[in-house]
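Secondary and tertiary structure notes
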Amino acid sequence: MSKIIKAHSLTGRITDGLMLDSFKAVKRNRGAAGIDKVSITMFEANLADNLRALMRDLKSGSFQPHPLRRHLIPKNETEFRPLGIPAVRDRVAQEVVRRLLNPIFEPLFHPSSYGFRHNRNCHMAVEAALKLHDEGFCDVVDADIQGFFDNLSHPIIMQSVAERVADGNILRLVEKFLTSGVMDNGVFKPTSVGTPQGGVVSPLLANIVLNYLDWQLDHTGYRFVRYADDFVVLCQTPEQAKEALAFVQQVLEQRLKLHLSPEKTQVTSYGKGYSFLGFVLSSRSRRMRPKSVKKFKDKVRKLTCRKLNLDQAQVDQLNRVIRGTARYFATRFFTGRTTFNRLDCWIRMRLTRPYSTGKLLCSAAMTESIDTAPLRGQSLRGRPVHEICTPVNQGNQLLLRRRGGGGLATAFPSGLSRIMLQRQHVPLMTTPSAPLRRLRAFFLLAQPPLLFQEGNTLPCNSFTPS
């Protein structure tokens, strides 16, 4: 066995350029302020002095991170996932350490590891699993590590890093990040186990620890795909899958002091289907996981609250949610077009029907944005629109057609036209930038690969709301 060559003098590589690049990376990721309530904008106001003081502390070994700010996000209907948000200053320091350690460990990672690595993403992990299925590996160990980030052992993390790093100052910095503690409702709580979710260096440390499991599976001959702590082992027979599950449990418990979740870990097959990275993969389809659909609907419900008006800021935010969901799920292998159709109709219902009855009552406010006169011989005021006319589209205008025939009676010009909806002003969105026109362009795109071209704007005129 060849002698392991460790990295020395990493502290000397901390330069002004590295500090500035690390801050730019933190700024791109945005994020909230930490326990010191210093935001990225406030830190940037005196950037040169802040980075210079931080570099001096990192090099001298006097750096002391602030406790993390505890923030809970919903994990499901009954559980919450605890996040530890570091201060901006500490995030820059973690990014410096990450940039020093990543070139050392990146060549050591297994090719089947796709999480938080350069030029790798979730879609590549799913495609790798589908390729193995095509090769005949159709029995699956769907594994879930119980509280992975919260239960990572500090001695195991430090031992894994120290196997390749000999710089004592960098090792002490990593240890300080792990043991910085957390402020929970004003009470300081020490952290003796786990690495905080929300820390910049946490994904790298997770990959370093689980790299041992990757190579153990490889040496035993098992095929697998891993994205951070979410992984599947693919086998050719059910018996081999059960043996793989026992092997994974043995490695995790004896070496890494981790345990599989008995409720979420299962041995299944490609024919029955299983969940992986937000998708449900099966021999029949590759669709959105029901939990992913629920999360998407919850976000839309929050942005389209029926007691509030939809202003332009909310419209833009809703567009970002729609665009992000479509860009993630509308892949080459995705087969859930029907799901997108249903979500499309559901969102349009949320935007056009502020109440469950769906009856739109016109009022005097309606005439503020009407080009032509009301229906001939009939007064629209106080009468339900659906009883006397049907909305249709012509170009960028939403028109009202009288039921039983006749011409187009009332036109809403381009822009945000407001009508009175049962005592409440709600904007009727008819511009190409509105979700009514944008949604189908993203969800029913004929060529999904266009979604992943950076800066690409999809043609919105491919969909006309009905």
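Quantities reported herein were computed from a predicted structural model and do not represent experimental measurements.

**Topic: the overall build of the protein chain**
Summing up its helical and strand segments, the protein chain has 15 helices and 16 strands in all. Residue burial in the protein chain is summarised as follows: out of 466 residues, 48% are buried. Pairs at least 24 apart in sequence give 69% of the contacts found in the protein chain among residues at least 6 apart.

**Examining a positive patch on the surface**
The grouping of Lys264, Lys291, Lys295 and Lys299 at the surface amounts to a positive patch. Within the fold, Lys299 resides in helix α11 (residues 290-303).

**Notes on unusual backbone geometry**
A positive phi angle, close to 55°, is found at Ser9, a residue other than glycine. Tracing the chain through its elements places Ser9 in the segment before α1 (16-29).

**Brief notes about the sheet that holds strand β1 (residues 68-74)**
Strand order in the open sheet formed by 4 strands is β2-β1-β4-β5, and the pairing between neighbours is mixed. On the outer flanks of this sheet lie β2 (80-85) and β5 (187-189), each paired with one strand and no other. Within the sheet, the average angular offset between the axes of one strand and its neighbour, ignoring direction, is 40°. Pairing between strand β4 (residues 182-184) and β5: 3 bridges, direction antiparallel.

**A few points about the pattern of salt bridges**
Under the counting rule described, the total for this entry stands at 12 salt bridges. Residue Arg98 is joined to Glu95 by a salt bridge in which the shortest nitrogen-to-oxygen separation is 3.0 Å. Here Glu95 and Arg98 lie together in helix α4 (residues 88-105), a separation of 3 residues that amounts to about one turn. Classification of Arg98 as partly exposed rests on a relative accessible area of 25%. Take Glu95: its relative accessible area is 4%, and that puts it in the buried class. What you see here is one network of salt bridges that share partners, running through Glu95, Arg98 and Arg99.

**Details of empty space enclosed by the protein**
Tallying each qualifying case throughout the model produces 2 cavities of 30 Å³ or more. Around the second largest cavity, the lining residues are Leu68, Gln94, Phe177, Leu178, Ser180, Thr195, Pro196, Val201 and Ser202. A class-by-class count of the residues in the lining of the second largest cavity yields 5 nonpolar, 4 polar and no charged.

**Section: the environment of Phe43**
By the secondary structure assignment, Phe43 is in helix α2 (residues 40-45). Judged by its relative accessible area of 6%, Phe43 is buried. Between the C-alpha atoms of Phe43 and Phe23, which are 20 residues apart in sequence, the distance is 9.7 Å. When near neighbours in sequence (up to four residues on either side) are disregarded, Phe43 contacts Phe23, Val38, Asn50, Leu51, Val88 and Arg89.

**Digging into the environment of Pro155**
One can find Pro155 in helix α7 (residues 154-162). Take Pro155: its relative accessible area is 58%, and that puts it in the exposed class. Measuring from C-alpha to C-alpha, the distance between Pro155 and Ser192 comes to 9.9 Å, with 37 residues separating the pair along the chain.

Reading the values: the criteria
Residues numbered from 1 in each chain as written. Predicted model: local features only at pLDDT ≥ 70, side-chain atom pairs only at ≥ 80, totals over all residues. Heavy atoms only, no water. Helix = DSSP H or I, 4+ residues; strand = E, 2+ residues; numbered from the N terminus. Buried < 20%, exposed > 50% of the residue type's maximum accessible area, 1.4 Å probe, protein only. Contact = heavy atoms within 4.5 Å. Patch = residues over 30% accessible without salt bridge, like charges linked within 9 Å, V, L, I, M, F, W, Y side chains within 5 Å. Areas by Shrake-Rupley, 256 points an atom, 1.4 Å probe, with all protein chains shown as cover. Salt bridge = Lys/Arg side-chain N within 4 Å of Asp/Glu carboxyl O. Lys, Arg positive; Asp, Glu negative; His and termini not counted. Charge placed at Lys NZ, Arg CZ, Asp CG, Glu CD. Pairing = 2+ DSSP bridges. Axes fitted to C-alpha atoms, helices over the stretch in contact; angles between N-to-C directions. 1 Å grid on protein atoms, 1.4 Å probe; cavity = no way out; pocket = protein on both sides within 12 Å on 5 of 7 lines; lining within 4 Å. Points joined across faces, edges and corners; volume = space filled by probe spheres on them. Nonpolar A, V, L, I, M, F, W, Y, C, P; charged D, E, K, R; others polar.

Read these as geometric descriptors, not functional statements.
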